[in-house]
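# Overview (structure and organization)
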Amino acid sequence: MSRRDKQELGPASNNSMLLEDIRHMIEATRSAVAATVNAGLTMLYWNIGKRINEEILKGERAEYGQEIVASLGRELASEYGNGFSVKNLRRMIQFSEVFPEEIVVTLLRQLSWSHFLVLVPLKDPLQREFYAEMCRIERWSVRTLRKQIDSMLYERTAISRKPEEVIRHELANLRDKDRLTPELVFRDPYVLDFLGLKDRYLEKDLEDAILRELESFLLELGVGFAFVARQRRIQIDDDDFYIDLLFYHRPLHRLIAIDLKLGNFKAEYKGQMELYLRWLDKYERQPGEESPLGIILCAGKKEEQIELLELNSSGIHVAEYLTELPPRELLAERLQRAVKTAQARLEVYE
């Protein structure tokens, strides 16, 4: 809108626009100031933890370390509040132990101190780095971060089945180049408890439920997925085929075809998905995009069949879906078995 147009609208309208512009300026500045303050405080907490750790807990007075920390906490809390209590000083010490300074610096703008407090207790360094980097890339809230950890997202990603050196390499690329790979994106199993499906249902019921709860389904797939089509019709020769669900993943720059199956995985599903992917690659792939990928979602898997078919080389990911979330202990046991089995198979082929 030009200055002349604003003048013709009259003083009241001009004042309203001015007020709105000033509101935007205030909110933008507040957000920038809050981010700067958060970064400064988080770095302060890391430096405090490092100083205490180096000069007290690892020094000659290590046997008196806990008493000294307690004394420091009482003094600092009386001057600066409960944020510097003994409990929080111990968190700062642990924070400096598990996060190197260079990693903290890269995460400061996206992660708050509250995020780090959720991450610090995680025992596995690779698991901790995965959640930190995904939190940075996908801009998770603290609540979302907790939810992803509780749902064992790391253990459900394809990357967790890889050897440690491969995981480190993938996470380093994510940290240094913001490069997401299918192994970091795809999951197994997918938890679809939000669909509300009963014991008996048809493939159409599963598809209908997903479309009805599309927002929740997109959240379970992960950030970056955009819905494209349902029952995408493709014609090859004189035959019609239908892709159950078609998505596009923005960071991966790929179309993602999803095929829904009620029972266990069957070998013939590979040929069907390969046909879909080659058609999409020939007719739907846009300049600058990578080759399409496929996800076959099944109620159960046949691990040896999947291994022998070498589906990964075809760009196909097979995953189970759960319509009910099992107790965390059972899910953890199941995922641990899957990780050990996958890593054992990799060792055989090395």
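Residues numbered from 1 in each chain as written. Predicted model: local features only at pLDDT ≥ 70, side-chain atom pairs only at ≥ 80, totals over all residues. Heavy atoms only, no water.

The chain is annotated in an unreviewed UniProt entry as Putative cytoplasmic protein from Methanosarcina siciliae T4/M.

### Some words on the overall build of the chain
The number of helices and strands found in the chain is 16 helices and six strands. What you see for the chain is a C-alpha radius of gyration of 26 Å, clearly larger than the 20 Å of a compact globule of 350 residues, by over 25%. Along the first, second and third principal axes, the C-alpha set of the chain runs to 80 × 75 × 40 Å. Relative to its 350 residues, the chain shows a buried fraction of 43%. Across the chain, contacts joining residues at least 24 apart in sequence account for 61% of those joining residues at least 6 apart. For the chain, the exposed area adds up to about 20100 Å²; of that, 50% sits on carbon and sulfur atoms. Side chains of the chain carry 51 positive and 59 negative charges; the gap between the two charge centres is 3 Å. (Helix = DSSP H or I, 4+ residues; strand = E, 2+ residues; numbered from the N terminus. Rg over C-alpha atoms; globule rule 2.2 N^0.38 Å. Buried < 20%, exposed > 50% of the residue type's maximum accessible area, 1.4 Å probe, protein only. Contact = heavy atoms within 4.5 Å. Areas by Shrake-Rupley, 256 points an atom, 1.4 Å probe, with all protein chains shown as cover. Lys, Arg positive; Asp, Glu negative; His and termini not counted. Charge placed at Lys NZ, Arg CZ, Asp CG, Glu CD.)

### Observations concerning the layout of surface pockets
Of the pockets and cavities examined, the second largest pocket occupies roughly 570 Å³. As for the second largest pocket, its lining consists of 25 residues, and the residues nearest its centre are Lys147, Gln148, Ser216, Leu219 and Glu220. (1 Å grid on protein atoms, 1.4 Å probe; cavity = no way out; pocket = protein on both sides within 12 Å on 5 of 7 lines; lining within 4 Å. Points joined across faces, edges and corners; volume = space filled by probe spheres on them.)

### So, the packing of helix α3 (residues 65-80) against helix α4 (residues 86-98)
At a closest axis distance of 8 Å, the pairing of α3 and α4 adopts a crossing angle of 120°. Regarding the angle of α3 to α4, the classification is oblique. In the packing of α3 onto α4, the handedness of the crossing is right-handed. Of α4, the residues touching α3 (which contributes Gln66, Val69, Ala70, Leu72, Gly73, Arg74 and Leu76) are Val86, Leu89, Arg90 and Ile93. (Axes fitted to C-alpha atoms, helices over the stretch in contact; angles between N-to-C directions. Parallel < 35°, antiparallel > 145°, perpendicular 65-115°, else oblique. Left-handed = near helix turned anticlockwise from the far one by under 90°.)

### Things to note about the sheet that holds strand β3 (residues 239-249)
Reading across the sheet, the six strands line up as β1-β6-β5-β4-β3-β2 and stay open at both edges, with mixed pairing between neighbours. Either end of the sheet is taken by a strand with one partner, and the two such strands are β1 (190-191) and β2 (225-236). Looking at chain direction, strand β4 (residues 254-260) and strand β5 (residues 293-298) are connected through five bridges and run parallel. Following the sheet pairing, Ile258 is matched in β5 by Ile295. (Pairing = 2+ DSSP bridges.)

### Quick notes on the environment of Phe186
With respect to the helices and strands, Phe186 occurs in the loop between α11 (182-185) and β1. A C-alpha to C-alpha distance of 49 Å links Phe186 and Glu75, two positions 111 residues apart in sequence. The contacts of Phe186, once residues within four sequence positions are left out, are Arg156, Thr157, Ala158, Phe225, Ile256, Leu293, Ile295 and His317.

### A few points about the pairing of β4
Among the seven residues of β4, seven are classified as buried, and the element is accordingly described as predominantly covered. Here β3 runs beside β4; their pairing, made up of five bridges, is antiparallel. Bridged to Leu246 within β4 is Ala257. Taken together, β3 and the strand that follows it, β4, pair antiparallel across an intervening segment of four residues, in which His253 is found at a positive phi of about 60°.

### Here's the deal with the side chain of Glu220
Inspection of the secondary structure puts Glu220 in helix α13 (residues 214-221). Note on Glu220: relative accessible area 10%, which makes it buried. Apart from the residues lying within four places of it in its own chain, the contact partners of Glu220 are Arg156, Arg187, Pro189, Tyr190, Val191, Leu192 and Phe194.

### Here's the deal with the domain arrangement of the chain
Domain parsing of the chain yields domain 1 (15-108) and domain 2 (187-327). The gap between the C-alpha centroids of domain 1 and domain 2 is 44 Å. (Domains from an automatic or database assignment.)

### Quick word on the packing of helix α7 (residues 125-138) against helix α10 (residues 164-177)
Contact geometry for α7 and α10: axes closest at 10 Å, N-to-C directions at 25°. Relative to α10, the element α7 lies roughly parallel. The chirality of how α7 crosses α10 is left-handed. Touching Leu126, Glu129, Phe130, Glu133, Met134, Arg136 and Ile137 of α7 are Glu164, Ile167, Arg168, Leu171, Ala172, Leu174 and Arg175, all from α10. The residue inventory of the contact of α7 with α10, partitioned by class, reads eight nonpolar, no polar and six charged. (Nonpolar A, V, L, I, M, F, W, Y, C, P; charged D, E, K, R; others polar.)

### Comments concerning the pattern of salt bridges
Under the criterion given, the structure shown has 18 salt bridges. The partner of Arg23 in a salt bridge is Glu20, with the nearest N and O atoms 3.4 Å apart. Of the two residues, Arg23 and Glu20 are both situated in helix α2 (residues 11-57); the distance of three residues between them amounts to about one turn of the helix. Its salt-bridge partner being Asp281, residue Arg285 comes within 2.9 Å of it at the nearest N-O pair. (Salt bridge = Lys/Arg side-chain N within 4 Å of Asp/Glu carboxyl O.)

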